[in-house]
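Residue-level structural notes
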Amino acid sequence: MFPRQFEYVAPASLDEALSALASTPGAKVMSGGQSLIPMMKLRLFSPGTVIDIGRIDGLADIVEKDDHISIGALVRHNQTASDPTVAAHAKALSQAAGWTGDHQVRNRGTTCGAMAHADVAADQPAAAIALGATMMARSSSGQREIAASDFFVDALTSALSEDEILVELRVPKASNGSRSAYDKLGRRGGHTDYAVAGIAAWVNVGDDGSVTDARIGVTGVGTRPTLAEAAAASLIGTDGGEESIRAAAGLVTDGITVIEDLYGSVEYKTHLAQVFTERALQQALAG
Amino acid sequence: MTAGVIGKAIRRKEDPALIQGKGLYTDDMKMAGMLHAAFVRSPFGKARIVGIDASAAMAIEGVHAVYTADDVRDLGPLLAQVAIGALRPLLADGVVNHVGEAVAMVVASDRYIAQDGTKAVDVDYEPLEAVVDLEDAASDRVIANDSNESNVIHVWEVGDADAVAAARASEGAIEVSVKMINQRLIPTAIEPRSALADYNAGYGSVTLYSSSQIPHAVAGAIGKTFGLTSNNVRVIAPEVGGGFGAKLNYYAEEALVTFASRELGSPVKWTETRREASVATIHGRGWVGTATIIGTSDGKILAYELDALSDMGAYTQNFTVAIPLLGQYVAPGQYDIPIHWKIGCVVTNAPTTDAYRGAGRPEAIFYLERIIDAFARQIGMDPADVRKKNFFEEFPAATAAGMLMDSGDYRANLDKLLELADYQGLRQKQEEARKEGRNIGIGLSTYVEVCGFGPSALAEGGFSWAAYGLPAAFNGSGLVRVNPDGTATVMIGTGPSGQGHETTWAQIVSDALGISVDNVQVRHGDTRDSPMGIGTFGSRSLAVDGSATAQAAEKVRTKAARVAAHMLEASPDDIEFADGGAHVAGSPDKTVTWAEIAEVSYQPHRLPEGMEGGMEANAVFSPANATWPFGSHLAVVEVDDTTGDVVLMDYFAMDDCGNVINPMIVDGQVHGGLAQGISQALFEHAIFDEDGNLLTGSLLDYPIPTAGDLPSFQLDRTTTPTDVNPMGVKGIGEAGTIGSAQTVVNAVIDAVAHMGVTHIDMPLRPKRVWQAIHRNGG
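**Some words on the overall build of chain A**
From N to C terminus, chain A includes 12 helices and 14 strands. Its C-alpha radius of gyration of 19 Å places chain A within 12% of the 19 Å reference for a compact globule of 287 residues. Along the three orthogonal principal directions, the C-alpha set of chain A runs to about 55 × 45 × 30 Å. Taken over 287 residues, chain A has a buried fraction of 54%. Here the analysis covers contacts within chain A between residues at least 6 apart in sequence; of these, 65% occur between residues at least 24 apart.

Now the structure itself:
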């Protein structure tokens, strides 16, 4: 539990942080440190330099904009979980943040940090992809947008370049017919701990009650948070009733390589993904 | 007497320092010139060590030394009280037999450099076939540790096989048999182990700080290892952040930092990393066995049989082989039934097992209470009624395990539990919920515990401290001193790690002397200052050392009464103690304070003719028998049959630990014990792959329970005092653990039995529950 020697810098501004990142090969950005520090202590990961962005002003706010909600790089899980605007527009993210880690982790860890860390069983990435969120990645040479669905590349690997910091998560605001929900089974049962399987469901319901659009984000079962495209597609145009929900759930792991771990076999995790697809869709469709 | 001190929920004197973060633990200790040790540990379950090249480590600036088996072979293997099977070398000698075994020690100027040094030591291993599965190991297909001829190094057996055979052959006998695993656990104290040695060649003595439950025993063992007399070894266990039995060993690291300090002439400290704590500290449990009940359709149990194996790990340490024997002592539980109980002690390529909260007794009670439940289900009888039908009703009770249980009232205890939980009401709610498709389950268990060690006869049965250089038989002591200012200092030989001794013992002494609890300071854990004691484990401290302290306080009281009588010109028989002083009975205005009594006591010329000066007394106590706490527990669970998720909705515990000194501390001990027992039922499992790699080597994958995982417990007590000690106390440290794991499992089976499930092995993680339901087509 003793990390290798590393340099530590705590820049006062984002520009300083970006230039330090650009000029320091192998540097790693830290926000809440709830995943990075344990990995360093176990020597699973030994960056030469840690750039702590925790003291930079202006990154710790949730701001309601015209068409989206902006979640800054230093917004803590508990902040995301308890924010009424997030709850109103992005219920799935609100729930996922509330069920991330334990109290201590939620008070220190950040929503954007959980995205950048890209753990295979993290909760909030599933919500981000289901909600159609956008990652704002900045480097010293500028800023680019990355769709959440393109952001999670592999286990512990995001689409961020080495010189980029995830400065903001943009979550589209809900329209009249759009609603979302997240549900999971955690490793200690219930909603505790990492997801054995977690499903974020987002639906848009037309005036006639039919499903006009849907996205389903899956976490915990594969090597990365993934959109279940076939399942979502099967739901579009249906009445969102019990049968169509069950049909969608049956497709949820299509195209996903389900991985066995200490918490479940392939069969069990596939089953759980289906169960929680049903439950998340039921909640989302119930509004 | 200070009215109401005994039995009062006084807040813990320990807590102000602890909750401010100001308690001092071994790792907080710093000494001038202190060096830091770290260990190179085996990555293999079993391997031959072909060579060790430490040159790259020695080349790191700040690395002072690298030691291997060649340097410490003379210090011998670690000592064990029951030395059956291969003992652990201080550093691996030519072969490693489990993942995490210490191979080399690096000593450096700081702990980071020491860690870097361990990575630079090049060990050339030739991997060998390992064996970790208990039944596989018992077949001797692969010998786990080549120092043993067979992996089965001992068999404990008790009871009457003929009686069981006769029961089996009797007319109308119903037999229920279930094979069950009581899985291996990692104790996981919040404070990992830590040791700091300062070997001073000038004084020819050593001071060792260590996070230990047994400072006196460690001092004895260090003396034996290094050829020092006991008055040249000082062991200090400062604050200890949890032990649960895992700090009830003399460990290689304690010897090795002492050795390094002697060699290098500097203090040397080592603090275990969390990952090391998973492989270098003892594990607990690890049984597999088949339990059988033979009975009749009216609920009468004719015989109970257990045929089991217990996992010793790779090496025998302090009480490793004796842990199943502790289970044997309570094998028949609360029941007046014939038994045949047999357990083989099996060596595997895994870390050593030893005492973990309950130590053999939770395992033994688990098998008994699970199979009684299965029997009740088989004959369609209420599980509470089956238990009542087979209870011991009269005491002392001679059990089929050859034990004599001095006191108990099992029926009254169970009845009170069923009333507390509204058992009939719960059964109705369960039935109603079932109609709505909800799977509510109600689980019951009773237990007896054997603790308060203990009777000197045990020393002959394997429970001795002679191997560590202490008197063989268990004992405890207490020294009570009234200081010249009228305050009291109490010195005890226990080694608490959170049990609240400073508060409980202050209550005992306050009650005897009338000195306020605030003015009684309890000291422990420093072998230079405290009287002989063997430590805190097996729910023994209050029953043994507490009794000694009560006796010592009584001696002080008797003497003080004579001094006060002399001062007040009264008869000692008329002196009463209260409110910080003494007065003549019936004349509360004729008072002398404790400060005044003490002032006179330390000036012999002012004392009655012939009386010695000073105001202190010591007592040593060794009880005639162990104590036999008991109780009954009830759990209510709901199982989601779609996911296998188990929610523990309610937990009721009715414990009987005899008389209670501080009910809040007793409740706290029950809470902690329940948490660990419930956690075995639902969460914890040390999982190895077939090569002996621990797959749950960090807290990411080895879940320890938190308050958030548990319901608010509903506790109550019955009180059946014992007469084996002067206070009538029995011990409560392990009761919660012994009573709880099977209570939860019984509840879960009760919830899913209607889907054809008869047993699920712990931990009842959702995947296992779901698989069990699914397998049965539920």
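From this point on, the discussion continues.
**Focus on the sheet that holds strand S24 (residues 587-593) of chain B**
Residues and elements named next belong to chain B. Read from one edge of the open sheet, three strands run S22-S23-S24, paired in antiparallel fashion. Taken across any chain shown, the strands that pair with only one partner, and hence form the sheet edges, are strand S22 (575-578) and S24. On average, each strand axis in the sheet is tilted by 35° relative to the strand beside it, whichever way the strands run. Strand contacts of helix H17 (residues 594-601): strand S23 (581-584) and S24, with the helix running at about 50° to S24, the strand carrying the most contacts.

**What about the environment of Gly33 of chain A?**
Residues and elements named next belong to chain A. Summarising the element assignment, Gly33 is placed in the loop between strand S2 (27-30) and helix H2 (36-41). Judged by the 16 C-beta atoms lying within 10 Å of it, Gly33 is partly exposed. Sequence separation between Gly33 and Ser265 is 232 residues; the distance between their C-alpha atoms is 31 Å.

**Quick look at the domain arrangement of chain B**
All names here are of chain B. Each assigned domain of chain B is listed here: domain 1 (129-358 + 366-387), domain 2 (405-449 + 629-778) and domain 3 (475-621). Domain 1 and domain 3 are separated by 38 Å when their C-alpha centres are compared. With 20 residues of domain 1 in contact, the opposing surface of domain 3 contributes 14 residues. Sorting elements by how many residues they give to the side of domain 1 that touches domain 3 places helix H7 (residues 215-226) first, with four residues. For the side of domain 1 that touches domain 3, the class distribution of residues is 11 nonpolar, seven polar and two charged.

**Regarding unusual backbone geometry**
One can expect most non-glycine residues to show negative phi and most peptide bonds to be in trans. Residue and element names in this part refer to chain B. Going from Phe395 to Pro396, the amide bond is cis rather than trans, its omega being 0°. With respect to the secondary-structure elements, Pro396 resides in the loop between helix H12 (383-390) and strand S16 (397-398). In this structure, Pro763 follows Met762 across a cis peptide bond, with omega equal to -5°. Positionally, Pro763 belongs in the loop between helix H19 (735-752) and helix H20 (766-775). The phi dihedral of Arg285 is positive, around 60°, even though this residue is not glycine. Along the chain, Arg285 falls in strand S13 (residues 284-295). For Arg285, a count of 29 C-beta atoms within 10 Å puts it in the buried group.

**Here's the deal with the interface of chain A and chain B**
Listed per partner, the contact involves 18 residues of chain A and 25 residues of chain B. For the side of chain A that touches chain B, the leading source of residues is helix H12 (residues 266-286) of chain A, giving three residues. Of the residues contributing to the side of chain A that touches chain B, the split by class is nine nonpolar, six polar and three charged.

**Brief notes about the packing of helix H18 (residues 663-682) of chain B against H19 of chain B**
Residues and elements named next belong to chain B. Following both chains from N to C, one finds H18 and H19 inclined at 35°, their axes separated by 7 Å at the closest point. The way H18 lies across H19 gives a crossing that is right-handed. Contacts from Gln669, Val670, Gly672, Gly673, Leu674, Gln676, Gly677, Ile678, Gln680, Ala681 and Leu682 of H18 reach H19 at Ala735, Gly736, Thr737, Gly739, Ser740, Ala741, Val744 and Val745.

**Some thoughts on the packing of H12 of chain B against helix H13 (residues 410-420) of chain B**
All names here are of chain B. Closest axis-to-axis distance for the H12/H13 pair is 10 Å, and the angle between their directions is 165°. Taken together, the axis directions place H12 and H13 in an arrangement best described as roughly antiparallel. Handedness of the crossing formed by H12 with H13: left-handed. Residues Ala384, Arg387 and Lys388 of H12 form the contact with H13, whose own contacting residues are Arg411, Leu414 and Leu418.

Parameters at a glance
- Residues numbered from 1 in each chain as written.
- Chains lettered and ligands numbered in written order.
- Predicted model: local features only at pLDDT ≥ 70, side-chain atom pairs only at ≥ 80, totals over all residues.
- Helix = DSSP H or I, 4+ residues; strand = E, 2+ residues; numbered from the N terminus.
- Rg over C-alpha atoms; globule rule 2.2 N^0.38 Å.
- Buried ≥ 20, exposed ≤ 12 C-beta atoms within 10 Å, placed from the backbone.
- Contact = placed C-beta atoms within 7 Å.
- Pairing = 2+ DSSP bridges.
- Axes fitted to C-alpha atoms, helices over the stretch in contact; angles between N-to-C directions.
- Domains from an automatic or database assignment.
- Nonpolar A, V, L, I, M, F, W, Y, C, P; charged D, E, K, R; others polar.
- Left-handed = near helix turned anticlockwise from the far one by under 90°.
- Parallel < 35°, antiparallel > 145°, perpendicular 65-115°, else oblique.

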